[in-house]
Amino acid sequence: MKTENGEWKVGTTKKQLKEIDAVTIRFAGDSGDGMQLTGDQFTDTSALMGNDIATFPDFPAEIRAPAGTLPGVSSFQIQFSEHEIFTAGDSPNVLVTMNPAALKVNLADLVKGGTVVVNTDSFTEENLKKAGWKSNPLQDGTLKDYAVLEIPISTLNANALKGSPIKPTDADRCKNFFALGLMFWMYDRKLEFTVKWIEEKFAKKPELLQANATALKAGYNYGDISETIQARYVIRKARLAPGTYRKITGNEAIALGIVTAAHLTGKQVLYGSYPITPASSILHELALRKNFGIKTFQAEDEIAACGSALGAAFGGHIGITATSGPGLCLKSEMINLAVMAELPLVIIDVQRGGPSTGLPTKTEQGDLLQAMFGRNSDSPVPVIAASTPSNCYDFMIEAIRIAVTYMTPVFFLSDGYLASAAEPWSLPDVSKLPKIQIQHPQSSDGPFLPYVRNEQTLARPWAVPGTPGLEHRLGGLEKADRTGGVSYDPANHHKMVTLRREKVNRVADGIPPLEILGPKKGKLLVLGWGSTYGPIHAAVTELQKQGKQVSACHLHYMNPFPKNLSEILKSFNTILIPENNMGQLLLLIRGAFEGIHAVGFHLVTGQPFKIREIKEKIEELL
Amino acid sequence: MTGPQEIPSPLPYTKEDFVSGQDVRWCPGCGDYAILSVMQRTLAQFRIPRENHVFISGIGCSSRFPYYMNTYGFHTIHGRAPTIASGLKCVRPELTVWVITGDGDGLSIGGNHLIHAMRRNIDLKIILVNNQIYGLTKGQYSPTSEIGKVTKSSPAGSIDYPINPLCVAIAAEATFIARTVDLDPRHMGMVLQRACEHKGVSFVEIYQNCIIFNKDTFQPVAGRESREDRILYLEHGKPLIFGKKRDQGIRLNGPNPEVVNLADAKDSKEILVHKEDDPLPNYAYLLTQMEYPQMPVPFGIFRCIQKPTYDQMLDDQIKAEIKKKGPGKLDDLLHAGSVWQIEEQETMS
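Residues numbered from 1 in each chain as written. Chains lettered and ligands numbered in written order. Predicted model: local features only at pLDDT ≥ 70, side-chain atom pairs only at ≥ 80, totals over all residues.

### Some details on the overall build of chain A
- Scanning chain A from N- to C-terminus turns up 20 helices and 22 strands.
- Here the C-alpha radius of gyration of chain A, 27 Å, is about what a compact globule of 622 residues would show, namely 25 Å.
- When the 622 residues of chain A are sorted by exposure, 54% land in the buried category.
- Pairs at least 24 apart in sequence give 76% of the contacts found in chain A among residues at least 6 apart. (Helix = DSSP H or I, 4+ residues; strand = E, 2+ residues; numbered from the N terminus. Rg over C-alpha atoms; globule rule 2.2 N^0.38 Å. Buried ≥ 20, exposed ≤ 12 C-beta atoms within 10 Å, placed from the backbone. Contact = placed C-beta atoms within 7 Å.)

### Focus on the domain arrangement of chain A
- By domain assignment, chain A separates into domain 1 (17-234), domain 2 (246-432) and domain 3 (522-621).
- Here the C-alpha centroids of domain 1 of chain A and domain 3 of chain A sit 36 Å apart. (Domains from an automatic or database assignment.)

### Overview of the interface of chain A and chain B
- The partner chain B presents 55 residues to the 61 residues of chain A that form the contact.
- Every element with two or more residues in the side of chain A that touches chain B is listed here: helix 1 (35-48), strand 9 (243-249), helix 9 (250-265), strand 10 (269-273), strand 11 (294-298), helix 11 (302-314), helix 12 (325-341) and strand 17 (473-475) of chain A.
- Of all the elements, helix 11 of chain A adds the most residues to the side of chain A that touches chain B, at nine residues.
- In terms of residue class, the side of chain A that touches chain B is made up of 28 nonpolar, 21 polar and twelve charged. (Nonpolar A, V, L, I, M, F, W, Y, C, P; charged D, E, K, R; others polar.)

### Some thoughts on the packing of helix 11 of chain A against helix 12 of chain A
Residues and elements named next belong to chain A.
- Running from N to C, helix 11 and helix 12 point in directions that differ by 30°, and their axes come no closer than 8 Å. Viewed along their axes, helix 11 and helix 12 adopt a mutual orientation that is roughly parallel. Where helix 11 crosses over helix 12, the two elements pack in a sense that is right-handed. Where helix 11 abuts helix 12, its residues Glu302, Ile303, Cys306, Gly307 and Leu310 lie against Gly327, Leu330, Lys331, Met334, Ile335, Leu337 and Ala338.
- The class makeup of the residues in the contact of helix 11 with helix 12 is eight nonpolar, two polar and two charged. (Axes fitted to C-alpha atoms, helices over the stretch in contact; angles between N-to-C directions. Parallel < 35°, antiparallel > 145°, perpendicular 65-115°, else oblique. Left-handed = near helix turned anticlockwise from the far one by under 90°.)

### Re the sheet that holds strand 15 (residues 409-415) of chain A
All names here are of chain A.
- One open sheet accounts for seven strands, arranged 11-10-12-13-15-14-20; its pairing is mixed. Edge positions in the sheet fall to strand 11 and strand 20 (557-559), since each of these pairs with one other strand and no more. The average angle at which neighbouring strand axes cross in this sheet is 20°, direction not considered.
- Pairing of strand 14 (residues 383-385) with strand 15, which is carried by three bridges, proceeds in the parallel orientation. Residue pairing across strands places Val383 opposite Phe411, the latter belonging to strand 15. (Pairing = 2+ DSSP bridges.)

### A word on the pairing of strand 8 (residues 202-207) of chain B
Residue and element names in this part refer to chain B.
- Across the six residues of strand 8, six count as buried, placing the element largely inside the fold.
- The pairing of strand 4 (residues 124-130) with strand 8 spans six bridges and is parallel. In the sheet register, Ile127 faces strand 8, and the bridge partner there is Val204.
- Where strand 7 (residues 176-181) lies against strand 8, six bridges are found, and the strand directions are parallel. Bridge pairing in strand 8 places Ile177 opposite Phe203.
- Assessed by its sense of winding, the connection that carries the chain from strand 7 through helix 6 (residues 185-197) to strand 8 is right-handed. (Right-handed = clockwise from strand over helix to strand, strands pointing away.)

### What about the sheet that holds strand 16 (residues 422-426) of chain A?
- Pairing is antiparallel across the open sheet formed by three strands, whose spatial order is 16(A)-9(A)-14(B). Looking at the sheet topology across the chains shown, the edges are occupied by strand 16 of chain A together with strand 14 (339-342) of chain B. Strand-to-strand, the axes of this sheet are offset by a mean angle of 35°, without reference to chain direction.
- Pairing geometry for strand 9 of chain A and strand 16 of chain A, over five bridges, is antiparallel. Across the sheet, the residue bridging to Tyr245 of chain A is Ser426 of chain A, located in strand 16 of chain A.
- Lying over the sheet, helix 1 of chain A contacts strand 9 and strand 16 of chain A together with strand 14 of chain B, oriented at roughly 165° with respect to strand 9 of chain A.

### Some words on the pairing of strand 15 of chain A
Residue and element names in this part refer to chain A.
- Extensive coverage of strand 15 is indicated by the burial of seven of its seven residues.
- By the bridge criterion, seven bridges tie strand 13 (residues 345-351) to strand 15 in an arrangement that is parallel. Bridged to Val350 within strand 15 is Ser414.
- A crossover links strand 14 with its parallel partner strand 15, the connecting element being helix 14 (residues 391-406), and its sense is right-handed.

### Structural notes on the environment of Asp394 of chain A
- Turning to its location among the elements, Asp394 of chain A is positioned in helix 14.
- Sequence separation between Asp394 of chain A and Arg590 of chain A is 196 residues; the distance between their C-alpha atoms is 29 Å.

### Let's talk about the nonpolar core
- The biggest cluster of nonpolar side chains holds 254 residues, and the ones touching the most others in it are Ile258, Leu310, Ile384, Met396 and Phe412 of chain A.
- Leave out the neighbours within four places in its chain, and Met396 of chain A touches Ile254, Gly257, Ile258, Ala261 and Phe412 of chain A. (Core = buried A, V, L, I, M, F, W, Y, C linked by C-beta atoms within 7 Å.)

### Let's talk about helix 2 (residues 81-91) of chain B
- Most of helix 2 of chain B is tucked away: eleven of the eleven residues are buried.
- Those residues of helix 2 of chain B that sit buried are Ala81, Pro82, Thr83, Ile84, Ala85, Ser86, Gly87, Leu88, Lys89, Cys90 and Val91 of chain B.

### Some thoughts on the domain arrangement of chain B
Residue and element names in this part refer to chain B.
- Along its sequence, chain B is carved into domain 1 (15-237 + 275-312) and domain 2 (239-273).
- Listed by partner, the interface residues are ten residues for domain 1 and eight residues for domain 2.
- For the side of domain 1 that touches domain 2, the secondary structure elements donating two or more residues are helix 8 (227-230) and strand 9 (231-233).
- Looking at the side of domain 1 that touches domain 2 residue by residue, the classes come out as six nonpolar, one polar and three charged.

### Description of the confidence of the model for chain B
- Here chain B averages 94 in pLDDT, and 96% of its residues register 70 or above.
- Across the predicted assembly, pTM comes out at 0.95 and ipTM at 0.96. (pLDDT = per-residue confidence, 0-100.)

Put into structure tokens, the structure is as follows:
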């Protein structure tokens, strides 16, 4: 309902506002209830209101599992705060559940004493049975430890939309906006950002525009007038570093990093990909960037995706392929061809639970050793791993820099959590980003030698088809040193294997030293990589504030390691390595550094670590 | 005979310009020598700059081909050459990209890629050297070997039905489809020239003699003595007539082709006339079903039609997007959607 001057009119509460510094909310419902959208809207608004935010979308692999069942439950967790945060929160303070199944799946995670909002309309006998409740949890004392807000969301939503020309089923689908409106009221959020979103989304469907906006406002007003709800909270703007910010997920950051690298190299990008969860959204994003010279190639399979990228690299442009674990298995042979041909190629692996098809929508760090060693023979490849949604941008550019500088395939590891988790991102000044210099030889004194190396980087020249006089043949057969001809010579093979390894080792010459959070030596160092950064950083920081002697380091360069890693590891009695796998970095560290006392901490639930879990492990070792 | 990039005449190339220094290591008497030689001679007839030719191959005897061509080349991995060639053509459409494959490489391990390269009509020139045997692995039956074939891996005779490469090409709607043989350099030269000229995917099957593991398998069809009686040379607009005396033709009997003595034909109009530019694939498919010994085997251009190519459409989409949105501005892209400012003083609070 708009007032005459076009403003959206909402109730003004007389209920008291209480100031808190952070809160974690989880929205949970059926896959078809629009929980991801609801969470996204809450996130956008909180980000635009200046809070720090971190999100954790968690959804099933099935597009629409049967309604009301446990496998169909989709959830979205957001923590927002007035200080810097590193995770989406260990446990929600507030759980919004749209049906009994969502309550069943998520209740155990809610903090004791937390608030649970239930849509009472959905607590029918049939739905209770589908969700496996033996009795109604609203009546049997199941929720006695929590503050329960029993709200007939479906009915209230339907009442609010009485008179709307849309069908009742469509009206019912607006109920997530009712719930969102209620949460907006409880946490003193502005409605304007979501209203604007609704106006743009439904610009061509005015009746749906009106219905969704009405549902949102009705939820908000319900909070204002309802007797059941008394508590209302304020979370002030966060004290973040000055700058221009936007919200970003890991996969969005990867796509933007690729577009930026195209700009910094002055090259076309060919992004060859085969649809796979959770990497596909990178393809979708890049397919929109044709006017930036980005070419996407949806290949017939994972192998062809990798092959097309390698073909583009042979042609002198940037070849990138992306996948998740099962797809990476298929690309192995092609990556080894890139190793032998010494062509730049970037392989993005958005890791998910495995082995085999595993857990398509759940996170894991199980592919580190596959990236390191999953190819025949001695086949070294640099491996880079991002640790936050926003630094996927920086490390994507870095992976491309390394690939073209050293003429090598490079792995970029992300995971299912980083892919869809969102956080604020301080936008870079692109005019200040260093250009990535690429030189293609144009002529040769005498016969062209494609395997003569740059003394510093050991990279071979990137001569491209179309250059007169430099015609040469590459291939998967062993290359003769310097000439690049086919060679079965024993001494040559040993030399080339050694050279390829040395070349990858030299990547370490161009990477920054590893930094330590906390004391430079001591009893315990927590060493992490990838998306465990958030919980490790938060846990170590909290314990340091309590005066505990613990330090942390986070690796982004998995191969080669930063040069100062050895010295750092030797400065601590014990190295704790938390990983969402069964000890893959642990194995690498033990293999690379003698005399180190390293212990692993493994979690493979498909969920990221909680801060609490890391803290408990650290305290156990102190 | 023009290529995508013109260089001034007089044309400087000779066959020798396309000969690389590498020693050729096929078995003496291998049919690949003839194919290599004809390819080198054919390219010398074009105005396409030598450095714009790229030969990409997979694995197998014939896939050593790029090493012997003094052009750009890439000897890749088993069955995957079309994928690498496709990626290259997407970013460098001005290049003339050849794929050299074999019956095992292209139709067994790489069958998927071959199909998809053809259905996309990406402008690649695919040469499938078919010797109906695995040579480099020393003599196992291949996907084109005849049923019952006795090899090291099929001592009791192969129980695999063979695949017909040209049927695959037609099913994938390749826009240029042809067959030739190593024993007939003149015919092969004509076919390769047409393949090179075609804009879009070209698929050429070359019957090739593996002198070690499948000697003379095509001799009954393509041998000098018998070829005129057993090969039907296809010529656009000409009736399907064959035989030493040019006295036999092909006509339809119901939906199927049959051989008829011209003397017995009621009407010369009964004899089918070759039409390589038929947009429908039915007629070309019918030709692929003509197999020795029941029928003469068609050689030549089965199909040659025009259709927009993948690489062209990809470039067109890029141009259209740039026209519509303007060249991408990175800073605008990063700032797209909702952004907010955090000021210096706010961080002090």
